[in-house]
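Residue-level structure breakdown
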Amino acid sequence: GTPANIIVGSHVWVEDPTLAWIDGEVLSIKNNEVHVQTSNGKKVTTDRSKVFPKDMEAPPGGVDDMTRLSYLHEPGVLQNLATRYELNEIYTYTGSILIAVNPFQRLPHLYDTHMMEQYKGADFGELSPHVFAIADVAYREMINEGKNNSILVSGESGAGKTETTKMLMRYLAHLGGRSGVEGRTVEQQVLESNPVLEAFGNAKTVRNNNSSRFGKFVEIQFDKTGRISGAAIRTYLLERSRVCQINTPERNYHCFYFLCAAPHEV
Ligand SMILES: Nc1ncnc2c1ncn2[C@@H]1O[C@H](COP(=O)(O)OP(=O)(O)OP(=O)(O)O)[C@@H](O)[C@H]1O
């Protein structure tokens, strides 16, 4: 709806063709036309319904749960995510949902054993937003309620679903793993299945160098004590057309290049 609190002098967000949103100050309002002086020195005239109030009291580092934003509109949400991203904070909550912004760089400190130990059993929301916190809640609820639990990872191509899923699996393997078991454990085998599945089902696309061209349902089974007892991976809808038809600069499935690069004796 139309925000009622836009007056001359208000700090606002308006759409920008390149930046998506730009902040500015309202110079004048005539009927439904709002004139805005933007912070990058432009004057913009736009419809009142396309002007959104800017929270001037927002903390400089953003908020780690978006439900705490004064204004839950698109520019407010994006500004918060961008502010946090600048500080390498790639995770943000919206209530119990975790939003991950692809860092496009390795952040090993974020996923090491020390970090896993910190999230183990910590109350949700007590520590910074993290994919481990989501896995921890899912695991704990499963144990406490004795029921199956699911974690849905969604996003556009290249958003980071595959990487996020691997982190979830690593954390669950950490929680439910057995130490001192002879041979390779179930959780090791589950984690080791990733490179094989990716070889046959992932390919370079224009949007992602390691794009999963199939859907995946990973089931990890736990016994009553919370230890991993088994696992199943179901795959869906592999993009089969890619095997015989690819458009440059995209590539075929990784396995073909692995085969060509393999030494002769293999
Ligand atoms: N948490 C992360 N840390 C470091 N790099 C990441 C992370 N998430 C994503 N990336 C980088 O982004 C790339 C694309 O991510 P990913 O393959 O997970 O996307 P996706 O959502 O699964 O895409 P698709 O739908 O095409 O399979 C990864 O290969 C990796 O380089």
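Along every chain, residues carry numbers that run from 1 in the direction the sequence is written. With the structure being a predicted model, the display of local features is reserved for residues of pLDDT at least 70 and the display and counting of side-chain atom pairs for 80 or more, all residues being used for whole-chain, interface and lining totals. In computing side-chain values, all of the structure's heavy atoms are included and hydrogens and water are not.

Under an unreviewed UniProt entry, the name given to the protein chain is Myosin motor domain-containing protein, and the organism recorded is Aegilops tauschii subsp. strangulata. UniProt positions are given in the numbering used here, feature names are shortened, and annotations may be inferred rather than shown by experiment. UniProt annotates the protein chain under Sequence similarities (unreviewed entry) with the comment "Belongs to the TRAFAC class myosin-kinesin ATPase superfamily. Myosin family."

Before going further, it helps to spend a moment on the domain arrangement of the protein chain. Start and end positions for the domains come from either an automated domain assignment or a database one. Taken domain by domain, the protein chain comprises domain 1 (11-53) and domain 2 (201-266). The centre of domain 1, based on its C-alpha atoms, is set 46 Å off from the matching centre of domain 2.

To find the voids left in a structure, one rolls a probe of water-molecule size over its atoms. Here the term cavity refers to a set of points on a 1 Å grid, laid over the protein atoms alone, in which a 1.4 Å probe fits but cannot get out; the term pocket refers to an open set having protein on both sides within 12 Å along at least five of seven lines, with lining residues being those that place an atom within 4 Å of a point. Grid points are joined across faces, edges and corners, and a volume is the space filled by probe spheres set on the points. Of the pockets and cavities examined, the second largest pocket occupies roughly 510 Å³. Ile-97, Leu-98, Ile-151, Leu-152 and Val-153 are, among the 23 residues lining the second largest pocket, the residues nearest its centre. To qualify as a helix, a DSSP run of H or I must reach at least 4 residues; to qualify as a strand, a run of E must reach at least 2; elements of each kind are numbered from the N terminus. Where the lining of the second largest pocket is concerned, the elements lending two or more residues are β7 (97-100), α3 (131-145) and α4 (161-176). Considering each element in turn, the lining of the second largest pocket owes the most residues, five residues, to α3. Across the lining of the second largest pocket, the residue classes tally to 14 nonpolar, seven polar and two charged. In the scheme used here, Gly and all other residues not listed as nonpolar or charged are polar, with Ala, Val, Leu, Ile, Met, Phe, Trp, Tyr, Cys and Pro taken as nonpolar and Asp, Glu, Lys and Arg as charged.

Attention shifts here to the pattern of salt bridges. Salt bridges are defined as contacts in which a side-chain nitrogen from Lys or Arg sits within 4 Å of a carboxyl oxygen from Asp or Glu. The full count for this structure, using the stated rule, is 16 salt bridges. Among the ionic pairs, Glu-117 bridges to Lys-120, the shortest N-O distance being 3.7 Å. Categorising residues by exposure relies on relative accessible area from a 1.4 Å probe, with only protein chains included: less than 20% of the type maximum marks a residue as buried, more than 50% marks it as exposed, and the intermediate range marks it as partly exposed. The exposure class of Glu-117 is partly exposed, given its relative accessible area of 40%. What makes Lys-120 partly exposed here is its relative accessible area of 39%. One salt bridge in this structure joins Arg-140 and Asp-136, with 2.9 Å as the shortest N-O distance. Taken together, the residues Arg-140 and Asp-136, both in helix α3 and four residues apart, mark about one turn of the helix. The exposure class assigned to Arg-140 is partly exposed, which follows from its relative accessible area of 30%. Looking at Asp-136, the relative accessible area reads 2%, which means it is buried. The network of salt bridges with shared partners includes Arg-106, Glu-163, Lys-166 and Glu-198.

Counting 27 residues, the largest nonpolar core has Leu-110, Tyr-111, Val-131, Phe-132, Tyr-171 and Phe-222 as the members making the most contacts within it. At the level of elements, β6 (91-94), α2 (113-119), α3, α4 and β10 (215-222) are the ones that each hand at least two residues to this core. Contact partners of Tyr-171, with chain neighbours within four places excluded, come to Met-116, Tyr-119, Lys-120, Phe-132, Ala-135 and Asp-136. Buried Ala, Val, Leu, Ile, Met, Phe, Trp, Tyr and Cys residues form a nonpolar core when they are joined through side-chain atoms within 4.5 Å. The next biggest cluster of nonpolar side chains, apart from the first, holds eight residues, and it includes Val-12, Val-26, Val-36 and Val-51. Pairs of residues are marked as contacts when any of their non-hydrogen atoms sit within 4.5 Å.

As a further point, take the pairing of strand β1 (residues 11-16). Here, any two strands with at least 2 DSSP bridges between them count as paired. Inspection of the sheet shows β1 paired to strand β2 (residues 20-30) by six bridges, in the antiparallel sense. Across the sheet, Val-12 pairs through a bridge with Gly-24, a residue of β2. Here β1 folds back onto β2 in antiparallel fashion, the turn holding three residues. As judged from the two bridges shared by β1 and strand β5 (residues 52-53), these two strands associate in the antiparallel manner. Residue pairing for β5: Trp-13 is matched across the bridge by Phe-52.

With that settled, the discussion passes to the environment of Val-36. Residue placement: Val-36 occurs in strand β3 (residues 33-38). Apart from residues lying up to four places away in sequence, Val-36 is in contact with Val-12, Val-14, Gly-24, Glu-25, Val-26, Leu-27, Lys-42, Lys-43 and Val-44.

Below, the discussion takes up the environment of Tyr-71. Here Tyr-71 is to be found in the loop between β5 and α1 (74-86). Through-space distance from the C-alpha of Tyr-71 to that of Asp-55 is 7.0 Å; in sequence the pair is 16 residues apart. Among all residues touching Tyr-71, those that are not within four sequence positions of it are Asn-5, Pro-53, Lys-54, Asp-55 and Gly-76.

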